[in-house]
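Next come the chains, spelled out residue by residue.
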Amino acid sequence: MSTEISRRDILKNLAIGAAGGSVLQVIPAEAAEYIHQLVRTEKGTAPAAKYAPKYFSAHQYATLTFLCDAIIPKDEHSGGAVEGGAPEFIDLLSSENEKFQLGIGGGIFWLDGYCGDRYGNVFLQCTPQQKSEAMDSIAYRANAVKDPALSQGVAFFALLRNMTCDAFYTSKIGIADLQYIGNTSLREFPGCPPLPQET
Amino acid sequence: MAQVARSPKTYDVCIIGSGAGGGMAAKILTEGGLSVAMLEAGPDVHPDRDFKMLMWPYELPHRGAGVGGHASENFGEFLAPNGAWNISGEPYTSAPGANFQWFRSRIVGGRTNHWGRIALRFSPIDFQSGSRDGLGDDWPISYEDLSPYYDKVEGYIGVFGTKENVSSAPDGVFLPPPKPRCTELMIKKACDKLDIICIPSRLAVLTRSINGRLPCHYCGQCGRGCITGSNFSSSQVLIPPAMETGRLTLVTGAMAREITVGPDGKATGVSYIDKATLTERRISARAVVVAASACESARLLLNSKSATFPNGLANSSGTVGKYLTDSVGSDGWGIVPALERMPPHNHDGTGGMHMYIPWWKFDRQNDFPRGYHIEIGGGRDMPGVGMFRHLCHREEGYGAALKAKARKSYGTTVGFSGRGEMIPNPDTYCEIDPDVVDQWGIPVLRFHFRWSEYELRQARDMQETFRSIIETMGGEYQTKTRIDGPYPFGILEGGKIIHEVGTARMGADPKTSVLNSYCQAHDIKNVFVTDGAPLVTNPDKNPTLTIMALSWRASEHLLDEAKKGNL
């Protein structure tokens, strides 16, 4: 379609609404698609610069990054939570909300203390096996029932798991991993495809 | 204030509020030849700039959760702007033991920018339910009085649906409905087995181009606001034609404080705070249409005290602020494993359900009065913040197993929202808080709210119905509710459904009502109320369509009266 119709013209027409004889009455679908292209271009993602943590210390951020990738790792379908921007997302929200500062920031301290008592090292300095052991101990509510001393760690991990999933599954690669199809402009809604066993 | 700036012009009408009721009045009155000043407390809306249509979550740093994640407590960052239960500088209070949540949307178009577009007619019985079951009062008008206006509103704004001949859900003037989604087809199948009526929904979304507006492009994001104006909002569908007449003056950032009254006992205009300059100004008008939203309108009337009207304007009956109701709301959801077999496909559709369950037990004996409808959700929606909370809770752990489970279970949830009729009760109303003012010194509302046994039984019935549908689908119902505590049977706080109405109700008797059958104040003939406040009952149909039909009817009456010189 002609690009001579500017975004301003289209939006002006929309603002006027039922303006008789407007271009929109003639080519509504094309106009809609044109708007969508413009929206896409204008609202496109800004190029990602290297992220500088706003709230967490370098050590905390490194720990957060390790844990995020352990929660949603890279696999044969897609990249992991770090590629999906989880540490940035969690740091940004924590910088703005005390609940997350305590829940995630405090939780990382808790984990380092736990690992210090057990292995004589902060979490990141532990061996891979020790790290897995520590994560396994706080990844399930049942463990805190058996050992109430783990309950703060379990709460921390549950919050971190939620936020990591939030970040990963709202990222481009996470959305693709789920095979969500949509957020686009259609002329007609196709309805439900036949169920596999019915085809 | 040192000086009050008075506008030199006297308008025919001053409308307070630009939402469904105010917008409709502006269109009808300006097209009828009257000059109108419209006061809107919020800013103007710029769809191309303000609406987040077709954005991905990763295009926003907060992914839709908002600063600090706080937007998740409302509807998220993608919602059309300027609506919230809490607004900085504009408090309201709750009486001890009451917990009412008051949603306000300060922007041109108000809540119609984001609303669910569910456009349901009240049924004939809804206007006479009081005399039928002895609870509350009848309306001073019948379905037949309003039906022509429903026709006009539907024809103008565009509503899709189908003729079904269900007595609790009257048919209207409909555009063709969109095809059902997979989840909806499966629910319909289960409903057929359970003898529950499940029919195409009725939404104010254009499936065909009408009145020069673009048809829907099926992105499923009506709540974000629609840049192409393919769904109904006052800002895009009612205000523009009023503007085109050249007779509408829209004043934004104008917080109405008081309706002023002259020595003859008639309204002379409106005092408002101009938010930009923090000065008080006045609009002079020959008539005033109050459409600020039910509770905000009650607040304005109650705050408009004068020697002639010591209890507030139009309040000789003492019923302004009384008869407040919201819809009964209880939600539930389940996991339907059969949905795992669906191939990936576009499930977006219009913003909102394509099928719904109207009240279907109207011919049975129930243990609660009136009824409810059920809204349907779930399936392969765009992933969003918060959507994986239940998965995380159920699966726990981490790593490849969690990721595989997320992939497998995506799109397998089905959700229901029951929306039912609350009976007005004497413990539920709003009044002026004697101690608290907002940032402009305007006294604020204090809410009293109580659900009665009627509403709790209705919520219990909703939960049982949700469970039976999910289980008939071979799914597992996930919602757990208690019979006690703050949310018995999952009933939400008053105000959470954002269907608050009734605070300046219509009636034949000026001793027990605020407005006559044309939404005109009994006490003061040149004041009309055209938002949710006039509604005598709050049936299980979302009120917006009825607000617009009433506003159209009231506006025609106002035009007639103006022509006759009666105002």
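Treat the numbers as computed from the prediction; the structure is a model and nothing was measured. (Residues numbered from 1 in each chain as written. Chains lettered and ligands numbered in written order. Predicted model: local features only at pLDDT ≥ 70, side-chain atom pairs only at ≥ 80, totals over all residues.)

Once that is clear, we can look at the overall build of chain A. Across its full length, chain A carries 10 helices and 0 strands. Traced from its N-terminal end to its C-terminal end, chain A shows the element sequence α-α-α-α-α-α-α-α-α-α. Split into buried and exposed, the 199 residues of chain A put 36% on the buried side. Pairs at least 24 residues apart make up 55% of the contacts formed inside chain A by residues separated by at least 6 positions. (Helix = DSSP H or I, 4+ residues; strand = E, 2+ residues; numbered from the N terminus. Buried ≥ 20, exposed ≤ 12 C-beta atoms within 10 Å, placed from the backbone. Contact = placed C-beta atoms within 7 Å.)

On a plain count of helices and strands, chain B comes out with 11 helices and 18 strands. In terms of its C-alpha atoms, chain B occupies a principal-axis envelope of roughly 75 × 50 × 50 Å. Going through the 567 residues of chain B one by one, you find that 58% of them count as buried. Contacts spanning at least 24 positions in sequence make up 74% of the contacts within chain B whose residues lie at least 6 apart.

So, on to the sheet that holds strand β17 (residues 476–477) of chain B. Residue and element names in this part refer to chain B. Spatial strand order, β6-β12-β13-β14-β11-β17: 6 strands in an open sheet with antiparallel pairing. One side of each edge strand has no neighbouring strand; the edge strands of this open sheet are β6 (199–200) and β17. One ladder, built from 7 bridges, connects strand β13 (residues 372–378) with strand β14 (residues 413–420); its direction is antiparallel. Across the sheet, Ile376 pairs through a bridge with Phe416, a residue of β14. (Pairing = 2+ DSSP bridges.)

All names here are of chain A. At their nearest, the axes of helix α5 (residues 86–96) and helix α9 (residues 151–169) sit 8 Å apart, and the two run at 120 degrees to each other. The angle between the axes of α5 and α9 places the two elements in the oblique class. Note that α5 runs across α9; the crossing there is right-handed. Residue-level inspection shows Ala86, Phe89 and Ile90 of α5 in contact with α9, the latter providing Met163, Thr164, Ala167 and Phe168. Residues of the contact of α5 with α9, tallied by class, amount to 6 nonpolar, 1 polar and no charged. (Axes fitted to C-alpha atoms, helices over the stretch in contact; angles between N-to-C directions. Parallel < 35°, antiparallel > 145°, perpendicular 65-115°, else oblique. Left-handed = near helix turned anticlockwise from the far one by under 90°. Nonpolar A, V, L, I, M, F, W, Y, C, P; charged D, E, K, R; others polar.)

Our next topic: unusual backbone geometry. Working note: non-glycine residues mostly have negative phi, and peptide bonds are mostly trans. All names here are of chain B. At Ile498, a position not held by glycine, the phi torsion is positive, near 60 degrees. Note on placement: Ile498 falls in the loop between β17 and β18 (527–529). Residue classification places Ile498 among the buried residues on the basis of 23 C-beta atoms within 10 Å. At Cys519, a residue that is not glycine, the phi angle is positive and equals roughly 65 degrees.

The subject of this paragraph is the pairing of β14(B). Two faces belong to every sheet, and in a regular strand the side chains alternate between them. All names here are of chain B. Burial runs high along β14: 7 of the 8 residues are buried. Of the pairings in the sheet, the one linking strand β11 (residues 328–335) to β14 comprises 8 bridges and is antiparallel in character. Bridge pairing in β14 places Gly329 opposite Arg419.

Moving on to the environment of B:Ile547. All names here are of chain B. With respect to the secondary-structure elements, Ile547 resides in helix α11 (residues 544–564). For the pair Ile547 and Val501, spaced 46 residues apart in sequence, the C-alpha to C-alpha distance is 9.8 Å. Beyond its immediate chain neighbours, meaning those up to four positions away, Ile547 contacts Ala20, Gly21, Asp531 and Gly532.

Residue and element names in this part refer to chain A. For chain A, mean pLDDT is 84; residues scoring 70 or higher make up 74% of the total. Segment residues 1–5 is flagged for pLDDT under 50; beyond a separation of four residues in sequence, or across chains, it makes 6 contacts in the model. Predicted confidence for residues 43–47 stays below pLDDT 50, and this span has 4 contacts to residues more than four positions away or in other chains. (pLDDT = per-residue confidence, 0-100.)

A word on the packing of helix α5 (residues 182–194) of chain B against helix α10 (residues 453–472) of chain B. Residues and elements named next belong to chain B. Taken N-terminus to C-terminus, the directions of α5 and α10 make an angle of 110 degrees; their axes are 9 Å apart at the nearest point. Regarding the angle of α5 to α10, the classification is roughly perpendicular. Contact residues: α5 offers Ile187, Ala190, Cys191, Lys193 and Leu194, while α10 offers Ser468, Ile469 and Thr472.

Most often, soluble globular proteins have nonpolar side chains that are buried together. Residues B:Cys14 and B:Val290 are the most contacted members of the largest nonpolar core, which totals 121 residues. Among all residues touching B:Cys14, those that are not within four sequence positions of it are B:Ala37, B:Leu39, B:Gly269, B:Val270, B:Ile283, B:Ala285 and B:Val288. Counting 48 residues, the second-largest nonpolar core is a separate cluster that includes A:Tyr114, A:Phe123, B:Leu391 and B:Cys392. (Core = buried A, V, L, I, M, F, W, Y, C linked by C-beta atoms within 7 Å.)

With that out of the way, let us pick up the sheet that holds strand β15 (residues 429–437) of chain B. Residue and element names in this part refer to chain B. With respect to topology, 3 strands assemble into an open sheet ordered β4-β16-β15, the strand pairing being mixed. Unpaired on one side and paired on the other, β4 (93–94) and β15 mark the two borders of the sheet. Summarising the sheet, β15 and strand β16 (residues 443–448) pair through 5 bridges and their orientation is antiparallel. Counterpart to Ile432 in the pairing with β16 is Leu445. Strand contacts of helix α7 (residues 294–303): β15 and β16, with the helix running at about 60 degrees to β15, the strand carrying the most contacts.

Looking now at the interface of chain A and chain B. In this assembly, 63 residues from chain A lie in contact with 69 residues from chain B. Among the secondary structure elements, those contributing two or more residues to the side of chain A that touches chain B are α1 (7–16), α2 (23–26), α3 (28–42), α4 (58–71), α5, α9 and α10 (172–178) of chain A. Grouping the amino acids of the side of chain A that touches chain B by side-chain chemistry returns 37 nonpolar, 17 polar and 9 charged.

Right, let's get into the confidence of the model for chain B. On average, residues of chain B score 96 in pLDDT, and 99% of them reach the 70 mark or higher. Both confidence scores are given for the complex: pTM 0.93, ipTM 0.93.

Residue and element names in this part refer to chain B. Within β11, 7 of the 8 residues are buried, leaving the element largely enclosed by the surrounding structure. Sheet analysis places β11 next to β17, joined by 2 bridges and oriented antiparallel. Along β17, the bridge assignment pairs Ile335 with Glu476.

A few words now on the environment of B:Arg247. Secondary-structure assignment places B:Arg247 in the loop between α6 (234–244) and β7 (248–251). Distance from B:Arg247 to B:Gly76, taken between C-alpha atoms, is 37 Å for residues 171 residues apart in sequence.

So, on to α10(B). Residue and element names in this part refer to chain B. Helix length check: α10 (20 residues) gives 29 Å between terminal C-alpha atoms against 28 Å at 1.5 Å per residue, within 8%. Within α10, burial applies to Glu455, Gln458, Ala459, Asp461, Met462, Gln463, Thr465, Phe466, Ile469 and Ile470. The secondary structure elements touched by the buried residues of α10 are α5, β11, β13, β14 and β17. Phi turns positive, to about 80 degrees, at Gly474, one or two residues after α10. (Expected span 1.5 Å × (residues − 1).)

On to helix α7 (residues 128–138) of chain A, then. Because each turn of an α-helix spans 3.6 residues, side chains separated by three or four positions end up pointing in the same direction. All names here are of chain A. Residues of α7 that are buried: Ala134, Met135 and Ile138. For α7, the angular spread of the buried residues around the axis is 95 degrees, confining them to a single face. Among the exposed residues of α7, those pointing more than 90 degrees away from its buried face are Gln129 and Asp136. For α7, the secondary structure elements touched by its buried residues are α4, α6 (98–119), α8 (141–146) and α9. (Arc of directions from axis to C-beta.)

Here the focus is the environment of B:Ala80. Residues and elements named next belong to chain B. On the secondary structure map, Ala80 appears in the loop between α2 (47–50) and β3 (83–84). Sequence-wise, Ala80 and Asn113 are 33 residues apart; in three dimensions their C-alpha atoms are separated by 5.9 Å. Discounting chain neighbours no more than four positions away, the residues touching Ala80 are Phe51, Asn113, His114, Gly223, Arg224 and Gly225.

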